[in-house]
Amino acid sequence: RPDGTQRWIRDRAFPVRNAEGRIYRVAGIAEDITESRQNERDLQDARSELAAILNAAGEAIIAADIEGSICLANQAALKMWGWRSEELLGKPLSVLMPEGSRKAHLEGMSRYRRSRRSAMLGKRIELVGLRKSGEEFPMELFVSATEVASGTLFIAACRDLTETRRIEGQLRES
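In short, a report on the structure. (Residues numbered from 1 in each chain as written. Predicted model: local features only at pLDDT ≥ 70, side-chain atom pairs only at ≥ 80, totals over all residues. Heavy atoms only, no water.)

With that settled, consider the environment of Pro138. With respect to the helices, strands and loops of the structure, Pro138 is situated in strand β6 (residues 136-148). Distance in space between the C-alpha atoms of Pro138 and Glu163 is 9.3 Å, their sequence separation being 25 residues. Not counting chain neighbours up to four residues away, the residues in contact with Pro138 comprise Leu127, Arg159, Asp160, Leu161, Thr162 and Arg165. (Helix = DSSP H or I, 4+ residues; strand = E, 2+ residues; numbered from the N terminus. Contact = heavy atoms within 4.5 Å.)

Structural data, given as structure tokens:
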């Protein structure tokens, strides 16, 4: 550009043929995609910032869709449950809980899909988690639901209570 700014241009060209089928010129279209490219960069920056914030959080954060499929897990969550991101994303939330808790969880999810109500939302709840290794552990959970463009997301902030329970036990014994 005359003012020295740079622009992103997408161009497409195609041959134009005469009656004999011979190419006699090339026609094309040029489109300024600078704004689109900037929007892509801004979106990537926002995703990077969100990931940094989630990973800086002291608590494990898990998000799941309305069907209960895990769509986000911060580093604290991956460490707490012992999974790698590529292993956990897309799996049902039930992999993070003992077998005995799964039926109630699935019933609660089904009830929420029908009524949009849950006794768990907005409350701190203590329950038992299940690590990938099969080890059960005490945990505290705070779940909220929010609507996003793709539908309902459940977001859980979780805290491993193993150390807290160990210290409480020592205090009771002393």
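As a further point, take unusual backbone geometry. Here the phi dihedral of Arg116 falls at roughly 60°; this positive angle occurs in a residue that is not glycine. Take Arg116: it is sitting in the loop between α4 (99-115) and β5 (124-130). Since its relative accessible area comes to 44%, Arg116 is described here as partly exposed. (Buried < 20%, exposed > 50% of the residue type's maximum accessible area, 1.4 Å probe, protein only.)

This part is about the side chain of Thr152. Among the secondary structure elements, Thr152 is positioned in strand β7 (residues 151-160). Here the side chain of Thr152 touches Glu147 through a polar contact of 2.5 Å, side chain to side chain. With near-sequence residues (within four places) excluded, Thr152 lies in contact with Ala64, Asp65, Ile66, Tyr112, Arg116, Ala145, Thr146 and Glu147. (Polar contact = N/O pair within 3.5 Å; in protein donor to acceptor, adjacent residues only side chain to side chain.)

The full count for this structure, using the stated rule, is 16 salt bridges. Between Glu107 and Lys103 there is a salt bridge; the shortest N-O distance is 3.9 Å. Highlighted residues: Glu107 and Lys103, both in helix α4, separated by 4 residues, approximately one helical turn. In this structure, Arg166 engages Glu163 in a salt bridge whose closest nitrogen and oxygen atoms are separated by 2.3 Å. (Salt bridge = Lys/Arg side-chain N within 4 Å of Asp/Glu carboxyl O.)

What follows covers the nonpolar core. Formed by 24 residues in total, the largest nonpolar core has its most connected members in Ile62, Trp81, Leu88, Leu93, Leu96 and Cys158. At the level of secondary structure, the elements contributing two or more residues to this core comprise β3 (60-65), β4 (70-73), α2 (75-81), α4, β6 and β7. The contact partners of Leu88, leaving out residues within four places of it in the chain, are Ile62, Ile70, Ala73, Leu78, Trp83, Val95 and Leu96. (Core = buried A, V, L, I, M, F, W, Y, C linked by side-chain atoms within 4.5 Å.)

Along the chain, the position of Glu140 falls in strand β6. In this view, Glu140 contacts Arg124, Ile125, Glu126, Ala157, Cys158, Arg159 and Leu161; residues no more than four positions away in its chain are not counted.

Throughout the structure, instances matching the rule amount to 2 aromatic pairs. Consider the rings of Trp81 and Phe137, whose centres lie 6.1 Å apart with planes at 65°: the pair is edge-to-face. Here the residue Trp81 occupies a position in helix α2, and Phe137 occupies one in strand β6, the gap between them amounting to 56 residues. Of the two residues examined, Trp81 and Phe137, each falls in the buried class. Aromatic pair Tyr112 and Phe154: ring centres 5.0 Å apart, planes at 75°, arrangement edge-to-face. With Tyr112 in helix α4 and Phe154 in strand β7, this pair connects stretches of sequence that are 42 residues apart. Neither residue differs from the other here; Tyr112 and Phe154 are each classed as buried. (Phe/Tyr/Trp six-rings, centres within 6.5 Å; stacked < 30°, edge-to-face > 60°.)

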